[in-house]
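# Geometric and topological summary
Now for the letters of each chain:
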Amino acid sequence: MAELTMSEQDIVNAICLYAAKNYPVQPVDVEVELAYDEEVFSAEAVIQGETFSLTSFQMIQAIRLWIEEMLQEDPFAAGIRLLFDRNEGIIASIH
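So, here is what we can say about the structure in this document. Numbers given for residues are sequential positions, taken from 1 along each chain in its written order. Two thresholds apply to this predicted model, a pLDDT of at least 70 for residue-level local features and 80 or more for giving and counting side-chain atom pairs, whereas whole-chain, interface and lining totals are computed over all residues. Water and hydrogen atoms were dropped before computing side-chain values, which therefore reflect all heavy atoms in the structure.

### A look at a nonpolar patch on the surface
Each patch groups residues whose relative accessible area exceeds 30% and which form no salt bridge, using 9 Å between like charges and 5 Å between nonpolar side chains of Val, Leu, Ile, Met, Phe, Trp and Tyr. Accessible areas in this description were obtained via Shrake-Rupley with a 1.4 Å probe; residue shielding takes into account the shown protein chains only. We define a salt bridge as a side-chain nitrogen of Lys or Arg found within 4 Å of a carboxyl oxygen belonging to Asp or Glu. A contiguous nonpolar patch, built from M1, M70 and L71 and spanning about 270 Å² of accessible area, is present on the exposed surface. Among the secondary structure elements, M1 is positioned in the segment before β1 (4-6). Only protein chains enter the area calculation, which uses a 1.4 Å probe; residues under 20% of their type maximum are buried, those over 50% are exposed, and those in between are partly exposed. For M1, a relative accessible area of 41% corresponds to the partly exposed category. Starting at the N terminus, helices and strands are each numbered in turn, a helix being any DSSP run of H or I of at least four residues and a strand any DSSP run of E of at least two.

Listed below in structure tokens is the structure:
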């Protein structure tokens, strides 16, 4: 897989897809907020009015699902690193 930088919006989309795979909802019915605090990445997803916290590990699982579903690539062949960029926000480096 070629090196790819995943945007903050694509990470949000990946989490929506991940939530839809684990709960009886459509990806568009999931609201996501990403957070970065003292080198710790996390996310909150609101699904049918209930808030769920996601760890960085779960965020990476969501990105792996996105790689498999959207790029039709082997998600476990990719190295994934979450990064904070002052201009871009939370991004993922995939290589």
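### Looking at the sheet that holds strand β4 (residues 50-54)
At least two bridges found by DSSP between two strands is the condition for calling them paired. Taking strand neighbours across the sheet as the criterion, the three strands line up as β2-β3-β4 in an open arrangement whose pairing is antiparallel. For this open sheet the edge positions go to β2 (30-37) and β4, each flanked by a neighbour on one side alone. Neighbouring strand axes in the sheet, compared pairwise and without regard to direction, differ in orientation by 20° on average. Where strand β3 (residues 40-47) lies against β4, five bridges are found, and the strand directions are antiparallel. Bridge pairing in β4 places I47 opposite E50. What makes two residues a contact is simply this: any of their non-hydrogen atoms within 4.5 Å. Geometry is summarised by axes, namely lines fitted to C-alpha atoms with helices restricted to the contacting stretch, and by angles between N-to-C directions that run from 0 to 180 degrees. The sheet strands contacting helix α1 (residues 8-22) are β2, β3 and β4, and the helix crosses β2 at an angle near 125°. Running at roughly 70° to β3, helix α2 (residues 56-70) makes contact with β2, β3 and β4 of the sheet.

### Considerations on the sheet that holds strand β5 (residues 80-85)
Read from one edge of the open sheet, three strands run β1-β6-β5, paired in antiparallel fashion. Edge positions in the sheet fall to β1 and β5, since each of these pairs with one other strand and no more. Pairwise comparison of adjacent strand axes, ignoring direction, gives a mean angle of 30° for this sheet. Looking at chain direction, β5 and strand β6 (residues 89-94) are connected through six bridges and run antiparallel. Along β6, the bridge assignment pairs D85 with G89. Strands β1, β5 and β6 of the sheet are contacted by α2, whose axis makes an angle of about 110° with β5.

### Topic: unusual backbone geometry
We note that E39 has phi near 70°; this positive angle belongs to a residue other than glycine. Tracing the backbone through its elements, the reader meets E39 in the loop between β2 and β3. The backbone phi angle of Q48 is positive, close to 50°, even though this residue is not glycine. Along the polypeptide, Q48 turns up in the loop between β3 and β4. A residue is classified by how much of its surface remains accessible, and Q48, at 63% relative accessible area, is exposed.

Any link to function would need more than the numbers given here.
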